[in-house]
Amino acid sequence: MYFPTMISSILHVFLLFFFCFNGRASTRALPYESIFSFGDSLADTGNFLLSGALAFPVIGKLPYGETFFHHSTGRCSDGRLVVDFIAEEFGLPYLPPYLSLTHDQYVRHGVNFAVAGATALDPKFFKERRLGAVLWTNNSLSTQLSWFRKLKPSLCTTKQECREYFGKSLFLVGEIGGNDYNYPFFVGGSIKQVKALVPIVVEAIASAISMLIEEGAVELVVPGNLPLGCNSVYLTLFQSPNRAYYDQRNGCLKAFNSFSKFHNIQLKFALEKLRKKYPHANIVYADYYGAASRLFRNPKHYGFSNGALEACCGGGGPYNFNNSARCGHDGYKVCKDPPTYANWDGIHLTEAAYRYIAMGLINGSFSSPRLLASHHL
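Conventions used here
- Residues numbered from 1 in each chain as written.
- Predicted model: local features only at pLDDT ≥ 70, side-chain atom pairs only at ≥ 80, totals over all residues.
- Heavy atoms only, no water.
- Helix = DSSP H or I, 4+ residues; strand = E, 2+ residues; numbered from the N terminus.
- Buried < 20%, exposed > 50% of the residue type's maximum accessible area, 1.4 Å probe, protein only.
- Areas by Shrake-Rupley, 256 points an atom, 1.4 Å probe, with all protein chains shown as cover.
- Contact = heavy atoms within 4.5 Å.
- Pairing = 2+ DSSP bridges.
- Salt bridge = Lys/Arg side-chain N within 4 Å of Asp/Glu carboxyl O.
- Phe/Tyr/Trp six-rings, centres within 6.5 Å; stacked < 30°, edge-to-face > 60°.
- Lys NZ or Arg CZ within 6 Å of the ring centre and 35° of its normal.
- Axes fitted to C-alpha atoms, helices over the stretch in contact; angles between N-to-C directions.
- Left-handed = near helix turned anticlockwise from the far one by under 90°.
- Nonpolar A, V, L, I, M, F, W, Y, C, P; charged D, E, K, R; others polar.
- Disulfide = S-S within 2.5 Å.
- pLDDT = per-residue confidence, 0-100.
- Lys, Arg positive; Asp, Glu negative; His and termini not counted.
- Polar contact = N/O pair within 3.5 Å; in protein donor to acceptor, adjacent residues only side chain to side chain.

Asks: Which parts of the structure should I look at to understand the overall build of the protein chain?
Replies: Helix and strand counts for the protein chain come out as 14 helices and eight strands. Counting over 377 residues, the protein chain shows a buried share of 59%. About 15,400 Å² of surface is accessible on the protein chain, with carbon and sulfur atoms providing 54% of the total.

Laid out in structure tokens, this is it:
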């Protein structure tokens, strides 16, 4: 599967899937008055589309956005993302993407800095390893942090004002890091080779969290990675006739899921160190892996009657992922009932799956410590 002749095809796959205001009132009391989001396509609400990185990005047209918004928004899904459900739960508007902001726009309810295709590591890291050509955006985590610093004076000025304002703000730092691994995986990197990047990626995430705390953040949620081995794109590109490679409980690739677990373990270790360094901050680990694993193990139990491994939008094949007919491209077909699928386009989840993950985070099933219990208001 790692032969050079496949690299161009695999890159094509990657190009789509990682580049892939009205809010609803909630009856819940409002512990947060604003949300600031950083990350990649799992959290991007439009920055990649607005950046103009691609001339004709498929996420800029239907069927992306069809389920809830009924038009494309730049989200890499059929509808809302985890960050959207979190905003709804706390009675806040959907976060505007940073690149959409106008000079006099009201932003005190929060902003989304996430960019599809973003990495935790700077582009320079990949360029030095001859992977620069496959990057779809230079707006890495450090760039997103610089955007936040640039915006900060419009939110608060004095130290006391910032302390009060950010004390009622939630910072969602991720998901981030998945693209740091996908770029090398999709050009032939072995699990052993890519695993060596994990400490560097985790350190970049930890540094970002430290910077945000130094800037005034006290309430932070840091998601781990989803199970890579359950993604339709991975199951298609790295399929094997050897049944031993697959987890018989869910049909996922065991080696790639073990890799995701390794990243998440290292991330949790880093977060524990940060809690000791910043005892005044509430740093919550969001277990995206654990939440998603339930869906993959027993999808019908959670309402996904069409399963969790087959994509709703695609061009055929055992997982409805076809490199020559990807979602939004010529030859693709979209399912009639996205809520019955957990996977949307081969690598991103459906709105229904994101809702399940978000509720697990909000209600405490997949957050440590519990999100609401940790808030001191």
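Asks: Even after reading the chapter, I still don't get helix α12 (residues 288-297), so can you show me in this structure?
Replies: Given 3.6 residues per turn, any residue in an α-helix points the same way as the ones three and four places further on. By the criterion of burial, α12 is predominantly enclosed, with eight of the 10 residues buried. Along α12, the residues that are buried comprise Tyr288, Tyr289, Gly290, Ala291, Ala292, Ser293, Leu295 and Phe296. Tucked inside the fold, the buried residues of α12 contact α3 (82-89), β4 (219-223), α11 (254-277), β5 (282-286) and α13 (351-363).

Asks: Is there a simple way to explain α3 in this structure?
Replies: Counted residue by residue, α3 has eight buried out of eight residues, so it is predominantly covered. If you check which residues of α3 are buried, you get Val82, Val83, Asp84, Phe85, Ile86, Ala87, Glu88 and Glu89. Buried positions along α3 lie against β1 (34-38), β2 (110-112), β3 (169-173), α12 and α13.

Asks: What exactly am I supposed to notice about the sheet that holds β3 here?
Replies: The strands that make up a sheet are held in pairs by hydrogen bonds between backbone atoms, and each pair lies either parallel or antiparallel. Sheet architecture is open: six strands sit in the order β2-β1-β3-β4-β5-β8, paired in mixed fashion. Whereas interior strands pair on both sides, the edge strands pair on one side only; in this sheet they are β2 and β8 (367-368). For β3 and β4, the ladder comprises two bridges, and the chain directions are parallel. Counted as the bridge partner of phenylalanine 171 is leucine 220 from β4.

Asks: When you look at the pattern of salt bridges in this model, what are you seeing that I'm missing?
Replies: Working definition: two side chains of opposite charge can pair if their charged atoms are close together. With the rule as written, the count across this model stands at 10 salt bridges. Note that arginine 75 and aspartate 84 form a salt bridge whose closest N and O atoms lie 2.8 Å from each other. Taken as a pair, arginine 75 and aspartate 84 share a single burial class, namely buried. Between arginine 129 and glutamate 128 there is a salt bridge, with its nearest N and O atoms 3.6 Å apart. A single salt-bridge network, built from bridges that share partners, covers Arg80, Glu88, Glu351 and Arg355.

Asks: How do you make sense of the packing of aromatic side chains when you look at a structure like this?
Replies: Aromatic ring pairs are described here by two measures, namely the spacing of the ring centres and the angle between the planes. Under the definition given, this model contains 30 aromatic pairs. Each ring, one from phenylalanine 68 and one from phenylalanine 69, has its centre 5.0 Å from the other, and the planes form 90 degrees; the classification is edge-to-face. Residue classification places phenylalanine 69 among the buried positions, given a relative accessible area of 14%. Among the aromatic residues, those joined into a cluster by ring pairs are Phe36, Phe38, Tyr98, Phe113, Trp147, Phe148, Tyr165, Phe166 and Phe171. One Lys or Arg, arginine 129, reaches over the ring of phenylalanine 125 and ends 3.6 Å from the middle of that ring.

Asks: Looking at this model, I keep getting lost on the packing of helix α9 (residues 198-214) against α11. Mind explaining?
Replies: The geometry of a pair of packed helices is captured by two quantities: the angle between their axes and the separation between those axes. Interhelical geometry of α9 versus α11 gives an angle of 35 degrees and a closest axis separation of 10 Å. Both α9 and α11 take part in a crossing whose hand is right-handed. Between α9, through Val198, Val201, Val202, Ile205, Ala206, Ile209 and Ser210, and α11, the contact on the second element is made entirely by Phe259, Phe262, His263, Gln266, Leu267, Ala270, Leu271, Leu274 and Lys277. Taken together, the residues of the contact of α9 with α11 sort by class into 12 nonpolar, three polar and one charged.

Asks: Just checking my understanding: could you explain the state of the cysteines for this structure?
Replies: Two cysteines whose sulfur atoms are joined by a covalent bond form what is called a disulfide. Applying the stated rule across the entire model yields four disulfides. Sulfur-sulfur distance for the disulfide between cysteine 230 and cysteine 252 comes to 2.0 Å. Its S-S torsion of about 110 degrees marks the bond between cysteine 230 and cysteine 252 as right-handed, since a negative value means left-handed. Note that cysteine 230 is positioned in the loop between β4 and α10 (232-237) and cysteine 252 in the loop between α10 and α11, a separation of 22 residues in sequence. Judged by its relative accessible area of 0%, cysteine 252 is buried.

Asks: Whenever I open this one, the confidence of the model for the protein chain confuses me. Can you help?
Replies: Detailed reading of the predicted model is not advised wherever pLDDT is low. For the protein chain, the average pLDDT comes to 91, and 90% of its residues sit at 70 or higher. Segment residues 1-29: pLDDT under 50, and 87 contacts once partners within four positions in sequence are set aside and those in other chains are kept. Every residue in residues 373-377 scores below 50 in pLDDT, and together they form 15 contacts with partners more than four places removed in sequence or on other chains.

Asks: I tried to follow the side chain of glutamate 175 on my own but got confused; where do I start?
Replies: As for its position among the elements, glutamate 175 is in the loop between β3 and α7 (178-185). Within the buried set, glutamate 175 has no salt-bridge partner at all; the shortest N-O distance to an opposite charge, 14 Å, is to lysine 268. At 3.0 Å, the side chain of glutamate 175 and the backbone nitrogen of glycine 178 are in polar contact. Among all residues touching glutamate 175, those that are not within four sequence positions of it are Gly39, Asp40, Leu42, Pro223, Gly224, Asn225 and Tyr288.

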